Amino acid sequence: MLAEPLFQISLSPLLKWAGGKRWLVRHLEPYWRIHRHRPFVEPFVGGMGVTLGLLPKKALLNDANHHLINFYKWVRRGLNIDIPLVYDRNIYLTHRARFNQLIREGRADTAEAAALFYYLNRTGYNGLCRFNASGEFNVPFGKYKTVNYQTDFTAYKQTFCGWVFTSGDFSKMEFDSDSFVYADPPYDVEFTHYSPGGFSWADQVRLVEFLEPHRGPVIISNQLTDRIYDLYKKFGYSVRTLSAPRRISCNGNRQDALEVLAFKNIEP
C-alpha cells in the first residue's frame, strides 16, 4: 500500500500564467516528500503553481519579473484590493493605462501597482505577461466567458510568511548548499522574451553551470529539444521525459508537448 501524502495540496495559483507547472506537482511531490525538511528554492517562480502545490515551510522564490514579485510581496503583507475588478474592456484599458503610468513614475513597487497587476493578469489575453521596449504592459484584453477575481488573500498571507521573495537574475541568488532546487527556466523555443533581454541558449547553459557546484537535490524542467537533452546529460543529470499539456497556443494546437525532467543529486 502506498503511503499517504504528508500534506494536502490546498492553495491554488492566484495568477493565470503561460507555461504554468501545476500539472507537474504530482510528478515532483514524491521527491519533495523525501526532502521536505530542506529549504525549497525556485529561481523562476512564475505563477507559483509548483510552490503552492508542494507548500514548503521555508522557500526562496525568485523571478526576473519584478512586477510579479511585487505582487507576491504585497500579498504577504496583506494586500487589499480596492480597485474595480470587472470583466470589461474599457475598465481593462483604464487599469492598464494607470499601471503603465505607475511604471513611468517609478511607483511600480506600490500596493496599487500590485492590485493592478493582479487585475491585468486575470483579465488580459491568455494570462500573458508582456512588456514593450519602454517597459510598459501591452497585453490586449482577454476573451473569456467569465473571470473569477479574488480579493481575500488571507490564506496566502499566512503561507507566504515563511517564504522569501527576490527579483533578479538567477545567478544573483544565494542559498544553502543543502537546499532542494526546482528550476523551470523559459523553454528552449523561439519565443524567449519573457523578460527584458529574453532568455537565450547561453542562459540555458549559464543556468546549468550556476547549479553545477550545488550539492543538494536539483530538478530542472524544460521542453524537450535535442540540445536541452544533450546539455543536461553532459552535466551529469539523469533525464526523464513525459507528456506535458499544451494549455496556451497561438495556433490553436492543444496536443501534448514533450517535457524533460532532469535530476541531479537525487534518484529519479
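About the criteria used
- Residues numbered from 1 in each chain as written.
- Predicted model: local features only at pLDDT ≥ 70, side-chain atom pairs only at ≥ 80, totals over all residues.
- Heavy atoms only, no water.
- Pairing = 2+ DSSP bridges.
- Helix = DSSP H or I, 4+ residues; strand = E, 2+ residues; numbered from the N terminus.
- Axes fitted to C-alpha atoms, helices over the stretch in contact; angles between N-to-C directions.
- Phe/Tyr/Trp six-rings, centres within 6.5 Å; stacked < 30°, edge-to-face > 60°.
- Buried < 20%, exposed > 50% of the residue type's maximum accessible area, 1.4 Å probe, protein only.
- Lys NZ or Arg CZ within 6 Å of the ring centre and 35° of its normal.
- Parallel < 35°, antiparallel > 145°, perpendicular 65-115°, else oblique.
- Left-handed = near helix turned anticlockwise from the far one by under 90°.
- Contact = heavy atoms within 4.5 Å.
- Nonpolar A, V, L, I, M, F, W, Y, C, P; charged D, E, K, R; others polar.

Draft legend 1. Examining the sheet that holds strand β3 (residues 163-167) more closely. The strand order β3-β2-β1-β4-β5-β7-β6 describes an open sheet built from seven strands, whose pairing is mixed. Two strands close off the open sheet at either side, each with one partner strand: β3 and β6 (238-244). Geometrically, the sheet is characterised by an average inter-axis angle of 15 degrees between neighbouring strands, direction not taken into account. One ladder, built from seven bridges, connects β6 with strand β7 (residues 257-264); its direction is antiparallel. Within β7, the residue paired with L242 across the bridge is E259.

Draft legend 2. Just the packing of aromatic side chains, in detail. One pass over the full model with this rule turns up 28 aromatic pairs. Ring centres of Y156 and F160 lie 6.2 Å apart, and the angle between their planes is 80 degrees; this geometry places the pair in the edge-to-face category. Placement of the pair is Y156 and F160 together in helix α6 (residues 154-160), with a separation of four residues, close to one helical turn. On the basis of relative accessible area, Y156 is assigned to the buried category, the value being 6%. A residue is classified by how much of its surface remains accessible, and F160, at 0% relative accessible area, is buried. Joined through ring pairs, the aromatic side chains of F71, Y72, F99, F117, Y118, F131, F137, F153, Y156, F160, W163 and F165 make up one cluster. The ring of Y144 has K16 lying over it, and the distance from NZ or CZ to the ring centre is 4.6 Å.

Draft legend 3. Just the packing of helix α7 (residues 201-211) against helix α8 (residues 226-234), in detail. Where α7 meets α8, the axes come as close as 10 Å, and the angle between the chain directions of the two elements is 20 degrees. Here α8 runs roughly parallel to α7, going by the angle between their axes. As α7 packs across α8, the resulting crossing turns out to be right-handed. Together, W201, Q204, V205 and V208 of α7 and R227, I228, L231 and Y232 of α8 make up the contact between the two elements. Along the lines of polarity and charge, the residues of the contact of α7 with α8 split into six nonpolar, one polar and one charged.

Draft legend 4. Structural detail: the packing of helix α3 (residues 66-77) against helix α5 (residues 111-123). With their axes 9 Å apart at the nearest point, α3 and α5 run at an angle of 110 degrees to one another. What the angle tells us is that α3 and α5 run roughly perpendicular. Along the contact surface, α3 presents H67, L68, N70, F71 and W74, while α5 presents A111, A113, A114, F117 and Y118.

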